[in-house]
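The residues making up each chain are set out below.
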Amino acid sequence: MHTNVKLNRPIKCGVLTISDTRNYDTDKGGKLVQALLSEIGITISTEYYKIVKDDKIAIESQIEHWLATDLDVIITTGGTGIAQRDVTIEAVSPYLTKQIEGFGELFRYLSYVKDVGTRAMLSRAIAGAHNDKLIFCLPGSTGAVKLAIEELIKPEITHLIKELTK
């Protein structure tokens, strides 16, 4: 674990919930991302917390907008499954200049072992970088969000940012 890696500045993060059914009152996944990150001192301003429909163009538009800002990290929740409406991966992956394959592999492994068994194979969760920004695409369930943030993202986020900005 690289939790001892420090940055000399706050981490700026955006949280994008992708759902046809959630709104700001019912978005448990997006709120959980924010709550878990706040435990390590990362706060998300209201300008960097958005909900968009499961629509490729809407997702691309928000990602493009945030990539033009000074955010360090973008975390999406929702739309990573295999249903016809699940288009997060198709919308986000073209923006990744480098993939972090180990994230998806470890996420599915941990999901298999700790949580959902063989259903873990249905998740297409990914992570990567767009130049000096990290992007994580997580499933929308709170169990998946908690697993990804607690087990993978929180322990490595500062280390990843340091590596990207070398």
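Relevant structure appears above.
So, a few notes on the structure that sits alongside this text. These figures come from a predicted structure and were not determined experimentally.

Thresholds, definitions, all that
Residues numbered from 1 in each chain as written. Predicted model: local features only at pLDDT ≥ 70, side-chain atom pairs only at ≥ 80, totals over all residues. Heavy atoms only, no water. Helix = DSSP H or I, 4+ residues; strand = E, 2+ residues; numbered from the N terminus. Rg over C-alpha atoms; globule rule 2.2 N^0.38 Å. Buried < 20%, exposed > 50% of the residue type's maximum accessible area, 1.4 Å probe, protein only. Areas by Shrake-Rupley, 256 points an atom, 1.4 Å probe, with all protein chains shown as cover. Contact = heavy atoms within 4.5 Å. Pairing = 2+ DSSP bridges. Right-handed = clockwise from strand over helix to strand, strands pointing away. Axes fitted to C-alpha atoms, helices over the stretch in contact; angles between N-to-C directions. Parallel < 35°, antiparallel > 145°, perpendicular 65-115°, else oblique. Left-handed = near helix turned anticlockwise from the far one by under 90°. Nonpolar A, V, L, I, M, F, W, Y, C, P; charged D, E, K, R; others polar. Expected span 1.5 Å × (residues − 1). Bend = angle between axes of the 7 residues up to and from the residue.

## Some words on the overall build of the protein chain
Each helix and strand counted, the protein chain has five helices and six strands in total. What you see in the protein chain, going N to C, is helices and strands ordered as β-α-β-α-β-α-β-α-β-β-α. Taking 166 residues into account, the globule formula puts the C-alpha radius of gyration at 15 Å, and the protein chain, at 15 Å, falls close to it. With the principal axes as the frame, the protein chain shows a C-alpha extent of 40 × 35 × 30 Å. Per-residue burial over the protein chain gives 49% buried out of 166 residues. As presented, the protein chain carries roughly 8,500 Å² of accessible surface, and 53% of it is formed by carbon and sulfur atoms.

## Quick notes on the environment of isoleucine 161
Note that isoleucine 161 resides in helix α5 (residues 142-164). The contacts of isoleucine 161, once residues within four sequence positions are left out, are Leu7, Arg9, Ile11, Asp72, Val73 and Leu134.

## Quick notes on the pairing of strand β2 (residues 49-52)
Where strand β1 (residues 13-18) meets β2, four bridges bridge the pair, whose relative direction is parallel. Of the residues in β2, the one forming a bridge with leucine 16 is lysine 50. Crossover handedness for the path β1 to helix α1 (residues 28-38) to β2: right-handed.

## Quick notes on the environment of threonine 118
For threonine 118, the location among the structural elements is in the loop between α4 (101-116) and β5 (126-130). Sequence separation of threonine 118 and threonine 80 is 38 residues, and the distance between their C-alpha atoms is 16 Å.

## Let's talk about the packing of α1 against α5
Running from N to C, α1 and α5 point in directions that differ by 25°, and their axes come no closer than 9 Å. Here α1 lies roughly parallel to α5, going by the angle between them. Crossing hand, α1 versus α5: right-handed. Mapping the contact onto sequence places Lys28, Gly29, Leu32, Val33, Leu36 and Leu37 in α1 and Thr142, Val145, Lys146, Ile149, Glu150 and Lys154 in α5. The residue makeup of the contact of α1 with α5, split by class, is six nonpolar, two polar and four charged.

## Overview of α5
For α5, with 23 residues, the first-to-last C-alpha span of 28 Å runs short of the 33 Å given by 1.5 Å per residue. Bending of α5 peaks at approximately 55° at the position of isoleucine 157. Within α5 the residues assigned to the buried category are Ala144, Val145, Leu147, Ala148, Ile149, Leu152, Ile153, Lys154, Pro155, Ile157, Thr158 and Ile161. Summarising the contacts, the buried residues of α5 are in contact with α1, β3 (73-77), α4 and β6 (133-138).

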